[in-house]
Protein chains: 2
Amino acid sequence: MGNADLVYPSSMNVECAHQVAIPPPVPFFKSFASNLKETFFPDDPLRPFKNQPLSKKLILGLQYFFPILEWGPRYTLQFFKADLISGITIASLAIPQGISYAKLANLPPILGLYSSFIPPLVYAMMGSSRDLAVGTVAVASLLTASMLGNEVNASENPKLYLHLAFTATFFAGVLQAALGFLRLGFIVDFLSHSTIVGFMAGAATVVILQQLKGILGLEHFTRGTDLVSVMRSIFSQTHEWRWESGVLGCVFLFFLMVTKYFSKKRPKFFWVSAMAPLTSVILGSILVYLTHAEKHGVQVIGDLKKGLNPISVTDLAFGSKYLMTAIKTGLITGIIALAEGIAVGRSFAMFKNYHIDGNKEMIAFGMMNIAGSCTSCYLTTGPFSRSAVNFNAGCKTAVSNIVMAIAVMITLLFLTPLFHYTPLVVLSSIIIAAMLGLIDYDAAIHLFQVDKFDFIVCMAAYVGVVFGSVEIGLVLAVALSMLRVLLFVARPRTFVLGNIPNSMIYRNVNQYPNAMSVPGVLILQIDAPIYFANSSYLRERISRWINEEEEKLKSQGEMMSLQYVILDMGAVGSIDTSGISMFEEVKKNIDRRGLTLVLANPGSEVMKKLDKSKFIDDIGQEWIYLTVGEAVGACNFKLHTGKPGHATAELEAKDNIV
Amino acid sequence: MGNADLVYPSSMNVECAHQVAIPPPVPFFKSFASNLKETFFPDDPLRPFKNQPLSKKLILGLQYFFPILEWGPRYTLQFFKADLISGITIASLAIPQGISYAKLANLPPILGLYSSFIPPLVYAMMGSSRDLAVGTVAVASLLTASMLGNEVNASENPKLYLHLAFTATFFAGVLQAALGFLRLGFIVDFLSHSTIVGFMAGAATVVILQQLKGILGLEHFTRGTDLVSVMRSIFSQTHEWRWESGVLGCVFLFFLMVTKYFSKKRPKFFWVSAMAPLTSVILGSILVYLTHAEKHGVQVIGDLKKGLNPISVTDLAFGSKYLMTAIKTGLITGIIALAEGIAVGRSFAMFKNYHIDGNKEMIAFGMMNIAGSCTSCYLTTGPFSRSAVNFNAGCKTAVSNIVMAIAVMITLLFLTPLFHYTPLVVLSSIIIAAMLGLIDYDAAIHLFQVDKFDFIVCMAAYVGVVFGSVEIGLVLAVALSMLRVLLFVARPRTFVLGNIPNSMIYRNVNQYPNAMSVPGVLILQIDAPIYFANSSYLRERISRWINEEEEKLKSQGEMMSLQYVILDMGAVGSIDTSGISMFEEVKKNIDRRGLTLVLANPGSEVMKKLDKSKFIDDIGQEWIYLTVGEAVGACNFKLHTGKPGHATAELEAKDNIV
């Protein structure tokens, strides 16, 4: 490395070097305001409102909260045809799924139907996604069951449990709407992709485990959701297993999986798998009706009461001593539901290339759940499975949700008795079939291949959920993700740069093995903002780099000793006062060794701070360059005109003592 | 901007563009190990041990833990002369300060002397700083008083209180040593410079407030440390104020301040301010002895029992029901003390240009406190004031600590009776005089000028400590600092780059107003690692940049529409899977607009991930360039040979769903 005749790729002289500009000063308030804007209004939602008449502003405002006013007028018959088909399709999926998930949440099955009636209507008016199909989701249902179940036993005290469920839904809605109104949508982003993959898979596993109750036709079952306690409770009562329901369950599960596989192979037959659940409910009910299997240990849904959602405002248990539990449940389930809904909506919006405003969506979700909690619904969001069916069925607008709602309404008004003989085991197989789709091996493998740390986060979420509880898994994964961000800042990477042959370009020698080091000059790149969290690490690390370089030169018997240390600041996004005093110390240290510190390409933020802190005068404008190339050029120039690097080492105590 | 004849500063053609290298693959375990090393062993402590014979290794190991073995043999008489003087000087400061701070901690005054005997001896053997003077500190003493005081009343139950203080000291020591052994020294770094400035000032204020008790000669005083409750308790008992002690206190405070000012003006008379406290103690005692002022409401220390530290191992109250309080107190005071000690040691090491190993220091502090807790000492560290005196007195090695310890020992053995008549009010003035030095206005002003956010953190710490409690202030400040780091990552800044005239250099147009935009090309720089926390923000922000650019071009009636979007990845230190899927979405979005995405200068980490995730093939090697200049050159070339940017938009559902 560094052989003499390759030293001066840049046969440039210092004169043509460019000045590093100090950004024009911005009044504090202005920059503060712009920071606030970037933090809370990155998507600039008020842009369309600019210089419009008041009336127009009013209309735009209404359209902002009720997108239906915006696209409604442009609605056509072709659209309706498409929406009608997709609406009916998702209804046929919504009814059995709704009932199943309600059972999963230990709530009366009818609630599943209620929840597929009002919320979709609300969303159709307020939501901005054209493909999202609203409904209840397994994970949130399970969470409700486990979190409320810890306090109140659903079977012993169903009324209180029901009211708490409504209350939790209410608070979930309030949280969601609040996040939207306060523009805090980005909180959802802290559930990283890998967290959600692991979390979803874990939740699906737990849900499937819960279904073993139905499949095996067990009367009693643990309230715990973790693998261990489920397994214990299953194998502690092997004598109670019922082969009838077992067989039935496996048959239907097989049927569902086959149809799913078929539709996956032949996308145009999407409706096969979409219809399968309803079909199996009908077949199952008929079978039970004919064989009277309900008398032979096959549990059935039983009576569903006719009629639309009863009002449940008065049931919100604000006075209950379990209020805190309800709030906690609401907040956690609310966030989870939000994350799934937003992600699903966003993905489909991307295919069709239209824009979704996350914060607006949150308001829509929030309102839909608040309205739901007042009309006997529990937590709803945009489930992936159902939305995918809706998308495949070729829906055009949120009208498909309205169609589904109407279909559910008709069911509620006239068809509920038909579900009397529906065997629970069929519902269990429907849930299992749906859940198996949520365990995304490929994504996990992809994580493992691309980013080991993301994989660890993912696994932490999975293991945490399966062996601990849903909350444990979630907290674990989020904490790990945070830790990663903090570690990135606390331990920034530093590289030695070398010259790419026949160019003025200097790059990381590990990445570009052919990059040549420049004799007498050590070029370091710092790869993160310089903050209190890493300033003392960087101080250590830089002096270690210098030591190593000097030793290397000694061992190689280089004729030229180290003269200059160039810090490439291109990747230093920001710096705080700890960082600046770190620089002052590094400067003193380097001066003391008789070397010269040179800065290359400091960004606007950094230059501003260095200027304010007078460090620029300390290091000297002539030692700050626009590019590493120019800095090296200048160093070589000085080296060969024999001008030494000035070393000023005035030591003040004060500003180094904390 | 963008006027046509300035478009091609780089009249280069694509051919000579350099390949962006994918870094040579490193086996996972290897990179993992090196990450671990950077995280926990950034200073590479094992380097000297490499390829040494076992015996040598053993010696090095001993020398690592007992630096005295390393420098002891080289100790000379000249050194001893210097250390003798400085040792006596700091002893004369240590004795009154020790007594004062012990009173501040509601502990028997004699403990202050004990604590200046054993711990300095331990540190002299294990510590690596040559200038640190070991002793008790006001802040930690106050913290002990307030935290233990909340549970146990020192005056009602002195024995238990004393034992808890020893226990707290023990756990502080254990924590400090553990942090050192586990190489977790960097935890201290999370107390940023601004946090410590604010915290110290706040603590000093609180300590001064506490002294009003002594100055006004009050019998009863609040146990609260916050401004409000102190003021209330003072003005609720104005009738108990004693003018005698008030006058005495003000006189001595004035005397101390004057000497301090004098020594500051004339550094060679450092010993004047160093001797002042002892002088005022002597004067005060004589005065009281002659005037019998102790009978006129001037409280005195009273009897100090003769003799060296009694063993207190058996007093460690592990069984006590207050154990948790003791542990909590120990941990918090331990961290605070550590932060001060490390910072002080580091600063003086910098002046004399020798190296201090933070983790090693922690082990020394820890051992010294564990030993102390077993020999009737309470928490000690390296106070700034005393160490500064030590430094000014020209100490050469830790032997000055040994000298101080011996001086204190002599005091303990023979001179304690002399302190019988020492008035408490003198001690109060000594504390106040010392504390006033800790309120660092200049630093706060500097923070305000350089970095508003750091100033806010500093103020939060100050206000929190003064109006709330020490813990509140601390937690507040640390939380704010963390928030800043997270916000930096959650909301990275993005810039538009322009061409610096007559160069191939592209820089932020806000920083370089003369930088020219290139028609048909939008160049964006991302200024932070791309993580789950900011990926969806960046997605929004980038598309917003594109919208704005297209609108601008329209409004300007530019003949050339937008064709290429170049992302300068130079400052993107790292990327995770969420970031990669963000890129895939951005790519699709850009393709759909008929534009072409070009990457410039992706770093090693980023290239590795992009390669593993196959995104490189997706975007195409030919659209990744080593520098922005080459990317622009290529774009211009393609633009004018009329080769359009290929736009592939294959949509897979799977990897975009949560």
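Computed from a predicted structure; not experimentally measured. (Residues numbered from 1 in each chain as written. Chains lettered and ligands numbered in written order. Predicted model: local features only at pLDDT ≥ 70, side-chain atom pairs only at ≥ 80, totals over all residues. Heavy atoms only, no water.)

> Looking at this model, I keep getting lost on the overall build of chain A. Mind explaining?
A count of helices and strands for chain A gives 25 helices and six strands. Projected onto its principal axes, the C-alpha coordinates of chain A cover approximately 105 × 70 × 55 Å. Among the 658 residues that make up chain A, the fraction classed as buried is 60%. Considering only contacts in chain A between residues 6 or more positions apart, those separated by 24 or more positions represent 81%. (Helix = DSSP H or I, 4+ residues; strand = E, 2+ residues; numbered from the N terminus. Buried < 20%, exposed > 50% of the residue type's maximum accessible area, 1.4 Å probe, protein only. Contact = heavy atoms within 4.5 Å.)

> Explain the domain arrangement of chain A to me, please; I cannot follow it from the model alone.
Interface size is commonly expressed as the accessible surface area that is lost when the partners come together. When its domains are assigned, chain A resolves into domain 1 (76-305 + 315-485) and domain 2 (492-641). A separation of 55 Å is found between the C-alpha centroids of domain 1 of chain A and domain 2 of chain A. (Domains from an automatic or database assignment.)

> Would you mind going over the packing of helix H18 (residues 441-450) of chain B against helix H19 (residues 452-468) of chain B with me for this structure?
Axis angle and axis distance: for two packed helices, these are the angle between their axes and the distance between the axes, and together they describe the pair. Residue and element names in this part refer to chain B. Remark: H18 packs on H19, axes separated minimally by 6 Å, with the N-to-C direction vectors making an angle of 140 degrees. Of H19, the residues touching H18 (which contributes Ala444, Leu447, Phe448, Gln449 and Val450) are Lys452, Asp454, Phe455 and Cys458. Partitioning the contact of H18 with H19 into residue classes produces six nonpolar, one polar and two charged. (Axes fitted to C-alpha atoms, helices over the stretch in contact; angles between N-to-C directions. Nonpolar A, V, L, I, M, F, W, Y, C, P; charged D, E, K, R; others polar.)

> So what exactly am I meant to see when it comes to the sheet that holds strand S2 (residues 506-508) of chain B here?
Strands pair in a sheet through their backbones, by hydrogen bonds, and they do so in one of two ways: parallel or antiparallel. Residue and element names in this part refer to chain B. Spatial ordering of the open sheet is given by S2-S1-S3-S4-S5-S6, a layout of six strands whose pairing is mixed. Edge positions in the open sheet fall to S2 and strand S6 (624-625), since each of these has one partner strand only. This element, helix H21 (residues 532-556), spans strand S1 (494-499), strand S3 (521-526) and strand S4 (564-568) of the sheet and lies at about 150 degrees to S3. (Pairing = 2+ DSSP bridges.)

> I keep staring at the nonpolar core and nothing clicks. Help me out?
The nonpolar side chains of a soluble globular protein tend to be buried, and buried together. Residues A:Leu567 and B:Leu567 are the most contacted members of the largest nonpolar core, which totals 116 residues. Formed by 110 residues, the second largest nonpolar core is a distinct cluster that contains A:Ala105, A:Ile215, A:Ile342 and A:Met435. (Core = buried A, V, L, I, M, F, W, Y, C linked by side-chain atoms within 4.5 Å.)

> Could you clarify how one ought to interpret the packing of aromatic side chains in this entry?
Each pair of aromatic rings is reported with the distance of its centres and the angle of its planes. Residue and element names in this part refer to chain B. For the coordinates displayed, the defined rule picks out 32 aromatic pairs over all chains. Measuring from centroid to centroid gives 5.8 Å for Tyr75 and Phe79, while their planes differ by 65 degrees, and the two rings are edge-to-face. Overall, the relative accessible area of 24% leaves Tyr75 in the partly exposed class. Looking at Phe79, the relative accessible area reads 29%, which means it is partly exposed. Centre to centre, the rings of Phe170 and Phe171 are 5.5 Å apart; their planes meet at 80 degrees, and the pair counts as edge-to-face. (Phe/Tyr/Trp six-rings, centres within 6.5 Å; stacked < 30°, edge-to-face > 60°.)

> Teacher, can you tell me more about the interface of chain A and chain B here?
Taken residue by residue, the interface counts 109 residues in chain A and 106 residues in chain B. Carbon and sulfur atoms supply 61% of the area that chain A and chain B bury against each other, a total of about 9,300 Å² over both sides. The interface formed by chain A and chain B includes two salt bridges. Across the salt bridge formed by B:Lys609 and A:Asp451, the nearest N and O atoms sit 3.2 Å from each other. Taken together, the links from chain A to chain B amount to 16 residue pairs in polar contact (both at pLDDT 80 or more). The leading source of residues in the side of chain A that touches chain B is helix H21 (residues 532-556) of chain A, at eleven residues. (Buried area = accessible area lost by both parts, 1.4 Å probe. Salt bridge = Lys/Arg side-chain N within 4 Å of Asp/Glu carboxyl O. Polar contact = N/O pair within 3.5 Å; in protein donor to acceptor, adjacent residues only side chain to side chain.)

> I tried to follow the UniProt feature "domain: STAS" (unreviewed entry) in chain A on my own but got confused; where do I start?
The UniProt entry lists residues 511-635 of chain A under the feature "domain: STAS" (unreviewed entry), expressed in the numbering used here. Helix makes up 50% of residues 511-635 of chain A and strand 14%, with an end-to-end C-alpha separation of 24 Å. (UniProt positions renumbered as here; feature names shortened; annotations may be inferred.)

> In this structure, what is going on with the environment of A:Pro423? I would like to understand it.
All names here are of chain A. Within the fold, Pro423 resides in the loop between helix H16 (399-415) and helix H17 (424-436). A relative accessible area of 0% means that Pro423 is categorised as buried. Placed 136 residues apart in sequence, Pro423 and Leu287 show a C-alpha to C-alpha distance of 9.2 Å. Those residues in contact with Pro423, other than ones at most four positions away along the chain, are Leu248, Gly284, Ser285, Val288, Val298, Gln299 and Val300.

> It is not clear to me how the sheet that holds strand S1 (residues 494-499) of chain A should be interpreted in this structure. Could you clarify?
Residue and element names in this part refer to chain A. With mixed pairing, the six strands of this open sheet are ordered in space as S2-S1-S3-S4-S5-S6. Sheet topology places strand S2 (506-508) and strand S6 (624-625) at the edges, where each strand pairs with a single neighbour. Taken together, the five bridges between strand S3 (residues 521-526) and strand S4 (residues 564-568) define a ladder with parallel strand orientation. Bridged to Leu522 within S4 is Val565.

> Please explain the environment of A:Thr144 as it appears in this structure.
All names here are of chain A. Residue position: Thr144 is located in helix H7 (residues 138-149). Residue Thr144 is classed as buried on the basis of its relative accessible area, which comes to 6%. Excluding its chain neighbours within four sequence positions, the residues that come into contact with Thr144 are Gly149, Tyr161, Thr329 and Thr333.

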